[in-house]
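Observations on chain architecture
Here's the letter readout for the chains.
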Amino acid sequence: MENKPKRGSFTGQLGFVLAAAGSAVGVGNLWRFPYLAAKDGGGLFIIIYLILVVTFGFTLLTSDITIGRKTGKSAIGAYTEMNPKWKFLGVLTFFVPVIIMTYYAVIGGWIAKYMVAYLTGEGGAAAKDGYFTSFISDPVQSSVYAVIFMVVTAVIIYRGVEKGIESCSRFMMPILLVLIIFVAVYSLFIHHGDRNGLQGFMVYITPDVKGLTVKKFMAVLLDAMSQLFFSLSVSMGIMITYGSYVKKDVDLNKSISQIEIFDTGVALLAGMAIIPAIYVFSGLSGMNAGPGLMFISLPKVFASMGVFGNVVGAAFFIMAVFATLTSCISVLEAITANCMEVFHTDRHKTTLVLGIIYTIASVIISLGYSVFYCKIPLPNGTVGQLLDLMDYVSNSFMMPFISFLSTILIGWIVRPQWIIGEVESSGVRFHRKQLYIIMVKFVCPVIMIMLFLQSTGLLAKL
Ligand code: PHE
């Protein structure tokens, strides 16, 4: 055995599933899934998404987690062990969380600000026009919230895999589930004028295929596919790192299904919470994605709910903080674990250095809305700030490319049996084995390249 620093591990299957679900459930579930569902034909999007989860999602998640457990390493070390010539893929993968970490705590800070507003009874003020803009363009306030979020994340990572990541996920994920169910059910009972929540729910789940063309269908498919990636936290090395902390007797098959169910369940519930509410109070045509939905439209909805609005708003933003924090932890952990392996440093020192670097980075990114304000044209035709640039590079550009390369490596170089053997090593049968082989060898590489071309704007040019 070579001399390596001591690695932590999750105590068992439940701890692992909750931590991985913690990474998977994030703003993608809360502000992107409902938006896409409303835009892409309600039930139509849901059906396509569900099919993709059990095919693509399953393949990519199985690959990442199994690579981690089999090698016991994070992305750089793991890909090098699979094939030394493919070390570059590990390095590329490592850079995804490195980039995401620069802005994730900034978004976390925004959500924390709203949580504080609702908990201190200031929800009404948060619904006023200009509240969000004046907050993010206030250099001091926005930076302070980003720094607090970053420091809390670093402290959890400092405490290690079991005492930090696992215990925090064990506490937050069940509460998150209860809160989102509460808001989702509440949403069904609201009414305003001649509209009610139940009608909104029907709009959400009924497949709308009016005027559906092949082109439109392809667009929905690609939306669902890129959502899936982001949502499951695959192809960024995070699930490789978490997989490396899973004990050998844990049933990977079952764990992977549970993570898929948790992540998709929360996305569906978020749609159920948000779509009927927006439908009832303002109609779905004005529904937007991202910060606009969470920080502008939803506070207005909560304000129209009367006295109860503050309670629902508080429940919603506590849940959102938990979702973002557990994702943020997983991003920093992936970076920390890779650094520990490459530089042979211990966890405490590594976290301290990374914590300082990313606190500075978070401040710079959050100042992108005030002191460093600039307009950056992106290759997909949109214009954004620093945060959007980082988001674009990591999600639209690098992730599909990494998935493409990693499925080629597994499907054609180390061969699917390398993965299957590890899944079955704990004495279980690999369900969906044939599906996995076909997906990883043929379907994934083709679709990933298409996704890459589409998000870089190259598909439109072809
Ligand atoms: N999977 C998270 C979500 O759905 C997003 C995320 C991105 C998490 C990057 C970790 C890293 O929102």
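Per chain, the residues get numbers from 1 upward, laid out in the order the sequence is written. pLDDT decides what is reported in this predicted model: residues at 70 or higher carry local features, side-chain atom pairs at 80 or more are listed and counted, and totals for whole chains, interfaces and linings draw on all residues regardless. Just so you know, side-chain values use all the structure's heavy atoms and leave hydrogens and water out.

If you look the protein chain up in an unreviewed UniProt entry, it shows as Sodium-dependent transporter from Candidatus Weimeria bifida. UniProt positions are given in the numbering used here, feature names are shortened, and annotations may be inferred rather than shown by experiment. According to the UniProt record, the Subcellular location (unreviewed entry) comment for the protein chain is "Membrane".

A closer look at the nonpolar core
Buried residues of nine kinds, namely Ala, Val, Leu, Ile, Met, Phe, Trp, Tyr and Cys, make up a nonpolar core once their side-chain atoms join them within 4.5 Å. Exposure is judged per residue with a 1.4 Å probe applied to protein chains only, and the accessible area is read against the type maximum: over 50% gives exposed, under 20% gives buried, and values in between give partly exposed. Trp110 and Phe317 are the most contacted members of the largest nonpolar core, which has 164 residues in total. Not counting residues within four places of it along the chain, the set of residues in contact with Trp110 comprises Phe132, Phe135, Ile136, Pro291, Phe295, Tyr369 and Leu387. Between two residues, a contact is recorded if the distance between any of their heavy atoms is within 4.5 Å.

Some details on the site of the ligand
Lining the immediate environment of the ligand, one finds 16 residues, of which Ala24, Gly26, Val27, Gly28 and Phe230 sit closest. Counting of polar contacts relies on pairs of N or O atoms within 3.5 Å, with two restrictions inside protein: one atom must be capable of donating a hydrogen and the other of accepting it, and residues adjacent in sequence are counted only when both atoms are side-chain atoms. The separation between a nitrogen atom of the ligand and a polar main-chain atom of Ser23 is 3.3 Å. A run of H or I in DSSP becomes a helix once it reaches four residues, and a run of E becomes a strand once it reaches two; helices and strands are each numbered from the N terminus. Where the shell around the ligand is concerned, the elements lending two or more residues are helix H1 (13-24), helix H2 (27-39), helix H5 (87-119), helix H11 (214-232) and helix H15 (308-343). Nonpolar residues are Ala, Val, Leu, Ile, Met, Phe, Trp, Tyr, Cys and Pro. Charged residues are Asp, Glu, Lys and Arg, and all others, Gly as well, are polar. In terms of residue class, the shell around the ligand is made up of 8 nonpolar, 8 polar and no charged. One heavy atom within 4 Å of a molecule or strand is enough for the residue carrying it to be called near that molecule or strand.

Re helix H4 (residues 75-82)
Extensive coverage of H4 is indicated by the burial of 6 of its 8 residues. Taken residue by residue, H4 has Ala75, Ile76, Gly77, Ala78, Tyr79 and Met82 as its buried positions. The inward-facing, buried residues of H4 contact helix H3 (43-71), H5, helix H12 (238-243), H15, helix H17 (386-414) and helix H18 (417-424).

Details of the side chain of Ser231
Summarising the element assignment, Ser231 is placed in helix H11. Assessed through its relative accessible area of 1%, Ser231 is described here as buried. A polar atom in the side chain of Ser231 sits 3.5 Å from the side chain of Asn29. If near-sequence neighbours (up to four positions away) are discounted, Ser231 is found in contact with Ala24, Asn29, Tyr49 and Asp263.

Re the side chain of Thr241
Position of Thr241 among the secondary structure elements: in helix H12. Beyond its immediate chain neighbours, meaning those up to four positions away, Thr241 contacts Ser74, Glu333, Ala334 and Ala337.

Describing unusual backbone geometry
A positive phi angle is found at Ser235, which is not glycine, with a value near 60 degrees. Considering the arrangement of structural elements, one finds Ser235 in the loop between H11 and H12. Positioned with a positive phi, Arg415 is a non-glycine residue whose angle comes to about 80 degrees. For Arg415, a relative accessible area of 40% puts it in the partly exposed group.

What to know about a nonpolar patch on the surface
A cluster of nonpolar residues, Val209, Leu212, Val214, Phe217 and Met218, forms a patch on the protein surface that exposes about 410 Å² of accessible area. The topology assignment puts Met218 in helix H11. A relative accessible area of 31% places Met218 in the partly exposed class. Excluding any residue in a salt bridge, patches collect residues exceeding 30% relative accessible area, merging like charges within 9 Å and nonpolar Val, Leu, Ile, Met, Phe, Trp and Tyr side chains within 5 Å. Where accessible areas are quoted, they stem from the Shrake-Rupley method and a 1.4 Å probe; at the residue level, only the protein chains shown are allowed to cover. A side-chain nitrogen of Lys or Arg and a carboxyl oxygen of Asp or Glu constitute a salt bridge if their distance falls within 4 Å.

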